[in-house]
Amino acid sequence: MCAVFLLLATLVSCGFSLAAQSGRAAGNTNGGEEFFIVSSVDITKRQLLLKEPTEITQLIQVNDKTRYTDRNGKAMQFGDLRAGDTIYIRSTSTSAGRVAVSIRKGPMTLQELQRHYLK
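Here the structure is a predicted model, which means the values were calculated and not measured. (Residues numbered from 1 in each chain as written. Predicted model: local features only at pLDDT ≥ 70, side-chain atom pairs only at ≥ 80, totals over all residues. Heavy atoms only, no water.)

Before going further, it helps to examine the overall build of the protein chain. A tally of helices and strands in the protein chain yields two helices and six strands. Taken from the N to the C terminus, the helices and strands of the protein chain come in the order α-β-β-β-β-β-β-α. Each of the 119 residues in the protein chain was classed as buried or not, and the buried ones make up 29%. (Helix = DSSP H or I, 4+ residues; strand = E, 2+ residues; numbered from the N terminus. Buried < 20%, exposed > 50% of the residue type's maximum accessible area, 1.4 Å probe, protein only.)

If you want it as structure tokens, here you go:
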């Protein structure tokens, strides 16, 4: 009985993981934005340590071409970002790593959650 329960729990958790990954991939193709929580901001190195909702962290660089907007769509600066902020990033990969093209500050609303993770 315990073995059956463990097998069922494993299958259910794998199903949730696959659903989140496939939904996330669909969310990335719709608008190309990824959702993150800012873990830390390093102004001198011009980089952000970001945390995904799945607790995975990653480092991303910013440059002079990176565009920043707040919740209302108004322009902001890199220095306005703080740990704990929730943001949406469009990025590109370079030989030096990932570089943010645009950063949009905003909450994870129910509509955003459905669009990014539940398709």
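Bringing unusual backbone geometry into the picture now. At Arg-46, a position not held by glycine, the phi torsion is positive, near 55°. Arg-46 gets classed as partly exposed once you look at its relative accessible area, which sits at 31%. Although it is not a glycine, Glu-55 sits at a positive phi angle of roughly 75°. Mapped onto the elements, Glu-55 comes out in the loop between strand 2 (47–51) and strand 3 (57–61).

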